[in-house]
Amino acid sequence: MKFEDILTDAGEDEFGRMCGFAPFPYFQRDIEVVCDEAVTPEYAARSLQWLAEVDEGLIREICQYACYYLQDLLEATSIGELLDEDIQHIQDPLEILRYMEFGTLQIDEPADPD
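Throughout, a residue's number is its position along its own chain's written sequence, starting from 1. Residues qualify for local features only when their pLDDT is at least 70, as the model is predicted, and side-chain atom pairs are given and counted only at 80 or more; totals for whole chains, interfaces and linings, by contrast, use all residues. Working from all heavy atoms in the structure, the side-chain values ignore hydrogens and water.

### What about the sheet that holds strand β2 (residues 18-24)?
Part 1: Each pair of strands is called paired provided DSSP finds at least two bridges between the two strands. Secondary structure is summarised from DSSP: a helix means a run of H or I of at least four residues, a strand means a run of E of at least two, and numbering begins at the N terminus for each. Spatially, the four strands line up as an open sheet ordered β1-β2-β3-β4, and their pairing is mixed. Whereas interior strands pair on both sides, the edge strands pair on one side only; in this sheet they are β1 (8-12) and β4 (104-107). Each strand axis lies, on average, 30 degrees off the axis of its neighbour in the sheet, ignoring direction.
Part 2: By the convention used here, residues are in contact when the closest approach between their heavy atoms is within 4.5 Å. Orientation is described by axes fitted as lines to C-alpha atoms, over the contacting stretch for helices, and by angles from 0 to 180 degrees between their N-to-C directions. Packed on one face of the sheet, helix α2 (residues 41-52) meets β2, β3 (29-35) and β4 and runs near 135 degrees to β4.

Written out as structure tokens, the structure is:
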């Protein structure tokens, strides 16, 4: 297996790390992936598979806490005046994903290579 098999636009960055893009289903878009020098393509593939298969309940719970944070922010500041009106009336916690950005997934060297 090669990094080109799992990452779109795979290549080395200026620090010698493999990087590219991979799909992230909950955001319904590709995210940037950067792999530590010691990461093998197989380990990166397993990490990306785990991410793609994360339980919806866990994602929903994370989103619920993001909604709580947003509500606290809206109540404590005037930032609501700068936000889209729809974000202030989210019903389903997963809706908040439309407003979130996932910058880069950093895959570090595994503590246990097996």
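### Quick notes on the confidence of the model for the protein
It should be kept in mind that the predicted coordinates are not to be read in detail where pLDDT is low.
Part 1: A residue's pLDDT is the confidence the predictor assigns to it, expressed on a 0 to 100 scale. Averaged over all residues, the pLDDT of the protein is 84; the fraction at 70 or higher stands at 88%.
Part 2: Within the protein, helix α3 (residues 56-76) has the poorest average pLDDT of any element, 85, and β2 the best, 92.

### Description of the layout of surface pockets
Part 1: Cavity and pocket criteria rest on a 1 Å grid covering protein atoms alone: a 1.4 Å probe that fits but cannot get out defines a cavity, protein on both sides within 12 Å along at least 5 of 7 lines defines an open pocket, and an atom within 4 Å of a point defines a lining residue. Grid points are joined across faces, edges and corners, and a volume is the space filled by probe spheres set on the points. The volume enclosed by the largest pocket comes to roughly 190 Å³.
Part 2: Forming the boundary of the largest pocket are 13 residues, of which Phe24, Phe27, Ile59, Ile62 and Phe102 lie nearest the centre.
Part 3: Every element with two or more residues in the lining of the largest pocket is listed here: α2 and α3.
Part 4: Sorting elements by how many residues they give to the lining of the largest pocket places α3 first, with four residues.
Part 5: For the lining of the largest pocket, a count of residues per class yields 13 nonpolar, no polar and no charged. Under the scheme applied here, ten amino acids are nonpolar (Ala, Val, Leu, Ile, Met, Phe, Trp, Tyr, Cys and Pro), four are charged (Asp, Glu, Lys and Arg), and all others, including Gly, are polar.

### A short note on the pattern of salt bridges
Part 1: A carboxyl oxygen of Asp or Glu within 4 Å of a side-chain nitrogen of Lys or Arg is what we treat as a salt bridge. Tallying each qualifying case throughout the model produces three salt bridges.
Part 2: The salt bridge partner of Asp13 is Arg17, with a shortest N-O separation of 2.7 Å.
Part 3: When a residue's accessible area, from a 1.4 Å probe over protein chains only, is under 20% of the maximum for its type it is buried; when over 50% it is exposed; and in between it is partly exposed. Residue Asp13 is classed as buried on the basis of its relative accessible area of 16%.
Part 4: Since its relative accessible area comes to 23%, Arg17 is described here as partly exposed.
Part 5: Taking the shortest distance from any N to any O, the salt bridge between Glu56 and Arg60 comes out at 3.2 Å. Of this pair, Glu56 and Arg60 both sit in helix α3, four residues apart, which is roughly one turn of the helix.
Part 6: With relative accessibility at 39%, the residue Glu56 sits in the partly exposed group.
Part 7: By sharing partners, the salt bridges in this structure join Glu56, Arg60 and Asp92 into a single network.

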